Amino acid sequence: MKVVRFHAPGDVRFEDMPEPEAGPGEVKIRVRNCSTCGTDVKISKFGHHHIHPPRVMGHEIAGEIVALGEGVEGWAEGDRVQVIAAIPCGTCDECKRGRMTICPNQESMGYHYEGGFAQFMVVPAKVLAVNGLNRIPEGVSFAEASVAEPLACVLNGQELARVGEGDDVVVVGSGPIGCLHVRLAKARGAARVFLVDLNRARLDMAADLVKPDLAIAGEEVDVVKAVLDATNGRGADVIITAAASGAAQEQALQMVARQGRISFFGGLPKDKPTVTVDSNLVHYRELTIVGANGSSPAHNAEALRLISTGSVPVADLITHRLPLDGAIDAFGIVARGEAIKVTIEP
């Protein structure tokens, strides 16, 4: 079968490898869609400490079952399924406490296991053991289902930041994650959602789709002033930094309302992971700063429900569809900010 496989930083190949077979407790699927994200770009350029090459990339996966391994029950050939990306162990103290997103033994599709940039792939038994194989609801396409994984991560972030009724929410970063944050915040009852990006062209492309209440181009105006002006000096209830920007994290403290919540959703580069935080602002204004790390199997199931009910539309966010041999080109499209969401259709 054909795959897109990482061999070394800067060395990703479209090549042949043997078609896998499902072992005990496993399920084999025909991949129908595997969408791309910024992490794929980073892996292609720099590798990842959890990836021991060669490794088939891709972790936003949807397809149909073509074979069942020994002992698998409750599934049948032809079932349409979505696969979680982050695989918790299900047995550690954190998992037992319901904190599967921070499982210290977490493994991932496309990292520890062969990913979805392939014609066929095997869903590991560990995924099935934690209810990480989800049925795609009727009326939801494979392409839409592949976006359930990033939406699940967004859902986790907004739950931790307690986004809710009547909130003014600022989303910094207008990539696919930022677009999903805008739509989910509205679905959760936010009063107003502001979208911020440095790049005017990228911001306009996103804003045309997700229709924030205000689009703020950081290259043109003072973002903090723009948010304070829009909120009569109060600041926003929630700031979500959906960009790998330390400056954005520091600005968040300047434009958040009293008792507001700040989500450090986007991780920072490893060579510059620190920011300056005015501790007195956090103290006297009773601010909350939260992280957000991936998603749980339950988040993935809920993301599919949100898509299926129309609460969070995702079909129009898929701006590019490419065949498997176009996956490497897709990384460039994503890196240059020319698309919202690029999906690969093996």
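Here the structure is shown first, and the text comes after it.
Residues numbered from 1 in each chain as written. Predicted model: local features only at pLDDT ≥ 70, side-chain atom pairs only at ≥ 80, totals over all residues. Heavy atoms only, no water.

So, the packing of aromatic side chains
For the coordinates displayed, the defined rule picks out one aromatic pair. Here the guanidinium or amino end of Arg 30 rests over the ring plane of Phe 120, the centre of that ring lying 5.5 Å away. Taking NZ or CZ as reference, Arg 80 lies 5.1 Å from the ring centre of Phe 142, over its face. (Phe/Tyr/Trp six-rings, centres within 6.5 Å; stacked < 30°, edge-to-face > 60°. Lys NZ or Arg CZ within 6 Å of the ring centre and 35° of its normal.)

Digging into the environment of Glu 94
Looking at the element boundaries, Glu 94 is found in helix H2 (residues 93-96). Given the relative accessible area of 24%, Glu 94 is considered partly exposed. Along the primary structure Glu 94 and Gly 47 are separated by 47 residues, whereas in three dimensions their C-alpha atoms are 28 Å apart. (Helix = DSSP H or I, 4+ residues; strand = E, 2+ residues; numbered from the N terminus. Buried < 20%, exposed > 50% of the residue type's maximum accessible area, 1.4 Å probe, protein only.)

Considering the pattern of salt bridges
Within this structure, the stated rule accounts for 22 salt bridges. Connected via shared salt-bridge partners are Glu 19, Glu 21 and Lys 28. (Salt bridge = Lys/Arg side-chain N within 4 Å of Asp/Glu carboxyl O.)

Considering the pairing of strand E14 (residues 236-241)
Each regular strand carries side chains that alternate between the two faces of the sheet. Burial within E14 is extensive, with six of its six residues counted as buried. By the bridge criterion, four bridges tie strand E11 (residues 168-172) to E14 in an arrangement that is parallel. Counted as the bridge partner of Val 172 is Thr 241 from E14. Relative to strand E15 (residues 256-264), E14 runs parallel, the two sharing four bridges. Residue pairing across strands places Val 238 opposite Arg 261, the latter belonging to E15. (Pairing = 2+ DSSP bridges.)

Notes on the packing of helix H5 (residues 148-160) against helix H11 (residues 297-308)
In contact at an axis separation of 8 Å, H5 and H11 are set at 105° when each is read in the N-to-C sense. One way to sum up the angle between H5 and H11 is to call them roughly perpendicular. Contacts from Ala 148, Glu 149, Leu 151, Ala 152, Leu 155, Asn 156 and Glu 159 in H5 reach His 299, Asn 300, Glu 302, Ala 303, Leu 304, Leu 306 and Ile 307 in H11. Class assignment for the residues of the contact of H5 with H11 results in eight nonpolar, three polar and three charged. (Axes fitted to C-alpha atoms, helices over the stretch in contact; angles between N-to-C directions. Parallel < 35°, antiparallel > 145°, perpendicular 65-115°, else oblique. Contact = heavy atoms within 4.5 Å. Nonpolar A, V, L, I, M, F, W, Y, C, P; charged D, E, K, R; others polar.)

Section: H5
Along its 13 residues, H5 runs 18 Å from first to last C-alpha, staying within 8% of the 18 Å computed at 1.5 Å per residue. With eleven of its 13 residues buried, H5 lies for the most part within the structure. Along H5, the positions that sit buried rather than exposed are Ala 148, Glu 149, Pro 150, Leu 151, Ala 152, Cys 153, Val 154, Leu 155, Asn 156, Gly 157 and Gln 158. The first or second residue beyond H5 is Arg 162, which carries a positive phi of 55°. (Expected span 1.5 Å × (residues − 1).)

Examining the sheet that holds strand E4 (residues 55-56)
Strand order in the open sheet made by the three strands is E2-E1-E4, with antiparallel pairing throughout. Among the strands making up the open sheet, the edge pair consists of strand E2 (11-16) and E4. Note that strand E1 (residues 2-8) and E2 share six bridges and pair antiparallel. Bridge pairing in E2 links Ala 8 to Asp 11.

So yeah, pure geometry; function would need other evidence.
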